[in-house]
Structures are given as structure tokens and as C-alpha cells.
Amino acid sequence: MLVTGGAGYIGAHTAKALAEQGYRPVVFDSLRSGFLPAVRWGDFVHGDIRDGRALREAIAAHGIREAIHFASLIEVGRSVERPDLFWDVNVGGTACLLDALRDCGVNRLVFSSSAAVYGQPEGLAAADLLSETLPTVPTSPYGDTKLACERMIAAYCRAFGLSAVALRYFNAAGADPSGLIGEAHDPETHLIPLAIAAALGTGKPLTVFGQDFPTPDGSCLRDYIHVTDLAAAHVAALDVELPAGAFEAVNVGTGRGWSVLEAIEAVERALCRPVPRTLGARRAGDPPGLVADPSRARTLLGWSPVRSSLDQIVQDAARWHADQRYGRSVKVNLEGNKETISSLRG
Ligand code: UFG
């Protein structure tokens, strides 16, 4: 199983879930934003998804039969400033991967997509559930690139007999209960890790972005999904029987929205400490609500979340952040230095 971006947050949790289900993950990662200590299950190949030759070599050398494609740039705000990078890495990289898979006869793919493809559908209230049949109108270059990738994959499916599932993630959060892997972004921009860092005193006071959204307490609603549930959705997506040429887009969320203030309260409960905070303006591009209609995941994939109560998510995240295993010093950016990679492994 090729796992591009398998040294990243969701990729590493999925590599663990795959190994537990008897798959042999082969992580292919540039380590520009991934962490080598997160690669603990299966083999590792250091490479960039825009390098077709490296991809073909890895696929041939490891006897790859199926692929999960996580590797991408993910920060919505940065995508507004640097759309060139996002189109190059996300869309160019996916095109390169699809060609490599086709050339090597790999015909099953699970793609890491996002609720960002929906944007802000007209006429819906913040807490309304988003279903896969809604029109897709992204509000950021990040969302544009994820939607473009979905369309490219669907076209490759129709033309070349690939079958694929695009999983549209809502808000991934939490950490594996083992404590071995967890969320680590540089820079961190996500609510739950920032609220935890603020409470622990390892980060700045949290800024709550906006108090005038059309929601019960005026802050945004999001659908938080535990990363281990998200990882399990990938295994379920591989197991579902699909005919050649089929492409399916499936939401991965819980169907329950939580406000920013409710998420902060959950962090305070988990840590028994206040989250120092200030009230700030809205962040550009934040839709008032993003809540999944999860029914298609249930019927098509036979998947439902089991660890995604907000309190469980926050408790697992808090344990990970209080006892951070990767440490800041092990972040690597290697430019191809494989000796350093092996000395840092594990
Ligand atoms: N928030 C704050 N203060 C912060 C950080 C976030 O108030 O310091 C708020 C945001 O305004 C938002 C909520 O907390 O209302 C969640 O924000 P995150 O940054 O944690 O997550 P997003 O909903 O912005 O984005 C996430 C992923 C995207 C993905 C999107 C789709 O990071 O990649 O979900 O659901 F596209």
C-alpha cells in the first residue's frame, strides 16, 4: 500500500491502522512537513510526489497494488497568499502520481479531500448538514485544488479503469491513544492544539476568531472527527467493492457541530485549567459552519465514528500535547540526505 504523505498527521495514523489490518504500508514523503518519527509502520521512501521517476521506482520496488494519497499543502490562509505553490504541489503532484499509478498498473486509490470543497453553500444555516450532492463552491485556493484533484481523479477513473474514493475530511483532531503519534504542524493553526498550548502555557493566548457568526454563541461551528476514526475510514474505503471506473466522494465527519467556545470549554475540562484567550476579528475565509451529513459513509463504507465525542478527542489531544513525543528538535527537512533519515528513524 503506497501512502503518500504518510509521515504527516492523518497519514501516520492511517499507516498504523493499515498495519493493524494486515496491510503493508510504504510511506512516500518529502518530509517538508512530515515527521520521520511518525513513520513507524512499514517502509519509508523519501521522495516528492512531483517526481514521477521516484514514484515509479518506489511502486516497482515495493510491489505496490493500491495507494492512498495524503501528500499535499493544507493551510487555507497560505493558499490565498501562494496559490502557485498549492496548484503545483496539490494538483501537479496528483497528476504526477496518477500517471505513475496508471503506468505501473495500480488501479485502486483513496484520496485525501476536504470539506473545503463545499465553501459556503447558499441558503444553508451554519448547523445544516452538508451532503455530497451539494454544489461545490470552494472559497480558497486550497479548496479549489482539492476539488480540481477530485475531478482529475474522476476523469482518470472513467478513462483508464482506476477506481477511487475521495474522502472529504471535516475537522481532524485528537491523537492515537498509544501516545506514539499525534498532531504536529509547523506552524500550527488549528483550534484544538492552539487551545491546549495556550492552557499549558507552551503557546500564546488563543484568539477566538469572530463572535458575530449566525450561530447560537456567535462563534463558528465545526464537525470534529477523531483522527483514529478518520484513519479507519481509509481502511473501510479500501475494503469497499467498486467496479473499475468508479469514483465516489464521501464525507468523513460525525454530523454534530461544536462551536469554538464549546471546543475551548472541552479543553478546559480535559486539562482542569483555563484557556487564556482574547476575542478577535473573523479570520478571512472561515465559513460559519461546516458540519457533515455522514450518512453516505455509513451506507457506502459501512463506517461510523466510535471515538469522536468532543471530550474524547480533546482528552487524547491533550495527552499527546502534554507529552509531545516528536519534540521540536526532530523536525527534519532533509533535501535528500538518506543517512540522516535512517539515523532519525523510530
Ligand atoms: N479558530 C479560532 N482561533 C484559532 C484557530 C481557529 O477561533 O486560533 C477557529 C476558526 O475560526 C474555526 C475553528 O476554530 O472557526 C476551527 O479552525 P481550524 O483552523 O482548526 O480548522 P478549519 O475549520 O479552519 O480548517 C480545517 C482544516 C482545513 C479544512 C477544513 C475543512 O484545517 O484543511 O477544516 O473542514 F479544509
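Quick caveat, the model's predicted, so the values are computed rather than measured.

Trainee: Let's hear about the overall build of the chain: which residues, and what values?
Mentor: The secondary structure content of the chain amounts to 11 helices and 15 strands. Taking 2.2 N^0.38 as the reference for a compact globule, 346 residues should give roughly 20 Å; the C-alpha atoms of the chain span a radius of gyration of 19 Å, in line with that estimate. In terms of principal-axis extent, the alpha carbons of the chain reach across some 50 × 50 × 35 Å. In the chain, the proportion of contacts linking residues at least 24 apart, taken out of those at least 6 apart, comes to 80%. About 14,600 Å² of surface is accessible on the chain, with carbon and sulfur atoms providing 50% of the total. Taken as two groups, the 33 positive and 39 negative side-chain charges of the chain have centres that lie 3 Å from each other.

Trainee: Mind laying out the packing of helix α2 (residues 52-61) against helix α4 (residues 83-103), listing which residues take part and the relevant values?
Mentor: Remark: α2 packs on α4, axes separated minimally by 9 Å, with the N-to-C direction vectors making an angle of 40°. In terms of their interaxial angle, α2 and α4 are classed as oblique. Remark: the crossing between α2 and α4 carries right-handed chirality. Taken together, the residues of α4 that come into contact with α2 (itself represented by Gly52, Leu55, Arg56 and Ile59) are Cys96, Leu97, Asp99, Ala100, Leu101 and Asp103.

Trainee: Tell me about the sheet that holds strand β15 (residues 289-292), and please be specific about residues and values.
Mentor: In space, the four strands of this open sheet follow the order β6-β15-β10-β13, with mixed pairing throughout. Each end of this open sheet is capped by a strand with a single partner; those strands are β6 (129-130) and β13 (258-259). In the sheet, strand β10 (residues 221-222) pairs with β15 via two bridges, with the strands oriented parallel. By the bridge assignment for β15, arginine 222 is matched with leucine 290.

Trainee: Would you mind going over the confidence of the model for the chain in detail, with residue names and values included?
Mentor: This prediction gives the chain a mean pLDDT of 92; 94% of its residues lie at or above 70. This model gives residues 328-346 a pLDDT under 50, and the stretch forms 27 contacts once residues within four places in sequence are excluded.

Trainee: Please provide a residue-by-residue account of the sheet that holds strand β3 (residues 43-46), values included.
Mentor: Across the sheet, which stays open at both edges, the seven strands sit in the order β3-β2-β1-β4-β5-β7-β12 with parallel pairing between neighbours. Looking at the sheet topology across the chains shown, the edges are occupied by β3 and β12 (247-252). For this sheet, the mean angle separating the axes of adjacent strands, direction not counted, is 20°. Pairing of strand β1 (residues 2-4) with strand β4 (residues 67-69), which is carried by three bridges, proceeds in the parallel orientation. Bridge pairing in β4 links leucine 2 to alanine 67.

Trainee: Any details on the domain arrangement of the chain? Residues and values, ideally.
Mentor: Split into domains, the chain comes out as domain 1 (2-174 + 223-252) and domain 2 (191-222 + 256-290 + 308-344). Of note, the centres of domain 1 and domain 2, computed from C-alpha atoms alone, are 23 Å apart. Taken together, the contact pairs 26 residues of domain 1 with 29 residues of domain 2. A buried area of about 2,400 Å², summed over both sides, lies between domain 1 and domain 2, and 66% of it is on carbon and sulfur atoms. When the buried area of domain 1 at its contact with domain 2 is split by residue, His46, Ala126 and Tyr224 rank highest and sum to 28% of it. One can count zero salt bridges joining domain 1 with domain 2. The interface formed by domain 1 and domain 2 holds four residue pairs in polar contact (both at pLDDT 80 or more) in total. For the side of domain 1 that touches domain 2, the class distribution of residues is 14 nonpolar, nine polar and three charged.

Trainee: So what's going on with helix α5 (residues 141-160)? Which residues, and what values?
Mentor: Helix length check: α5 (20 residues) gives 28 Å between terminal C-alpha atoms against 28 Å at 1.5 Å per residue, within 8%. Downstream of α5 by a residue or two, glycine 161 has a phi angle that is positive, lying close to 80°.

Conventions used here
- Residues numbered from 1 in each chain as written.
- Predicted model: local features only at pLDDT ≥ 70, side-chain atom pairs only at ≥ 80, totals over all residues.
- Heavy atoms only, no water.
- Helix = DSSP H or I, 4+ residues; strand = E, 2+ residues; numbered from the N terminus.
- Rg over C-alpha atoms; globule rule 2.2 N^0.38 Å.
- Contact = heavy atoms within 4.5 Å.
- Areas by Shrake-Rupley, 256 points an atom, 1.4 Å probe, with all protein chains shown as cover.
- Lys, Arg positive; Asp, Glu negative; His and termini not counted.
- Charge placed at Lys NZ, Arg CZ, Asp CG, Glu CD.
- Axes fitted to C-alpha atoms, helices over the stretch in contact; angles between N-to-C directions.
- Parallel < 35°, antiparallel > 145°, perpendicular 65-115°, else oblique.
- Left-handed = near helix turned anticlockwise from the far one by under 90°.
- Pairing = 2+ DSSP bridges.
- pLDDT = per-residue confidence, 0-100.
- Domains from an automatic or database assignment.
- Buried area = accessible area lost by both parts, 1.4 Å probe.
- Salt bridge = Lys/Arg side-chain N within 4 Å of Asp/Glu carboxyl O.
- Polar contact = N/O pair within 3.5 Å; in protein donor to acceptor, adjacent residues only side chain to side chain.
- Nonpolar A, V, L, I, M, F, W, Y, C, P; charged D, E, K, R; others polar.
- Expected span 1.5 Å × (residues − 1).

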